[in-house]
Amino acid sequence: MFRALLPAFVTAFSTRFTLGALTTFVVTISGFSTLNIHPAFWGLVIGYAISRLLEPADYAPTD
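Described in the following lines is the structure provided in the data block. (Residues numbered from 1 in each chain as written. Predicted model: local features only at pLDDT ≥ 70, side-chain atom pairs only at ≥ 80, totals over all residues. Heavy atoms only, no water.)

Some remarks on the packing of aromatic side chains
As a reminder, the rule being used: In summary, the pairing rule links any two rings of Phe, Tyr or Trp, Trp by its six-membered ring, whose centres are within 6.5 Å, and it sorts them by plane angle into stacked for under 30 degrees, edge-to-face for over 60 and tilted for everything else. For the exposure calls, accessible area comes from a 1.4 Å probe over protein chains only, and a residue counts as buried if that area is under 20% of its type's maximum, exposed if over 50%, partly exposed in between.
Applying the stated rule across the entire model yields one aromatic pair. Aromatic pair F41 and W42: ring centres 5.2 Å apart, planes at 70°, arrangement edge-to-face. Note on F41: relative accessible area 42%, which makes it partly exposed. Here W42 falls in the buried class, since its relative accessible area comes to 16%.

Quick look at the structure:
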C-alpha cells in the first residue's frame, strides 16, 4: 500500500498548494463528518479554504 501511495504524496507535496493538499488528506482520513456529510467533501472544502487563506502566492498567475 505504501508503494502505491508514495508517488501520489511526492506529486502532491512537491509543487504548489502543499498545505492545501496536506490539509485535504488529513481531514479526509480523520473521518470528520458533520451534518451527515462525508469526510471527503469536508476535506476538499477545508483544504481549499486553508490553501486560499494561507497560500495566496500559489494562486498568483505564473506567466
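Describing helix α2 (residues 18-30)
Counted only if it meets this: Under the scheme used here, helices are H or I runs from DSSP no shorter than 4 residues and strands are E runs no shorter than 2 residues, and both carry numbers assigned from the N terminus. Each helix should span, by expectation, one fewer than its residue count multiplied by 1.5 Å. Here, the arc refers to the directions that run from the helix axis to the C-beta atoms. Here, residues are in contact when the closest pair of their heavy atoms is within 4.5 Å.
For α2, which comprises 13 residues, the first-to-last C-alpha distance of 18 Å matches the rise-based estimate of 18 Å (1.5 Å per residue) to within 8%. Within α2 the residues assigned to the buried category are G20, T23, T24 and V27. In a view along the axis of α2, the buried residues occupy a sector of 100°, so they form one face of it. The elements touched by buried residues of α2 are α3 (39-54). Looking at the residues trailing α2, positive phi occurs at G31, about 85°.

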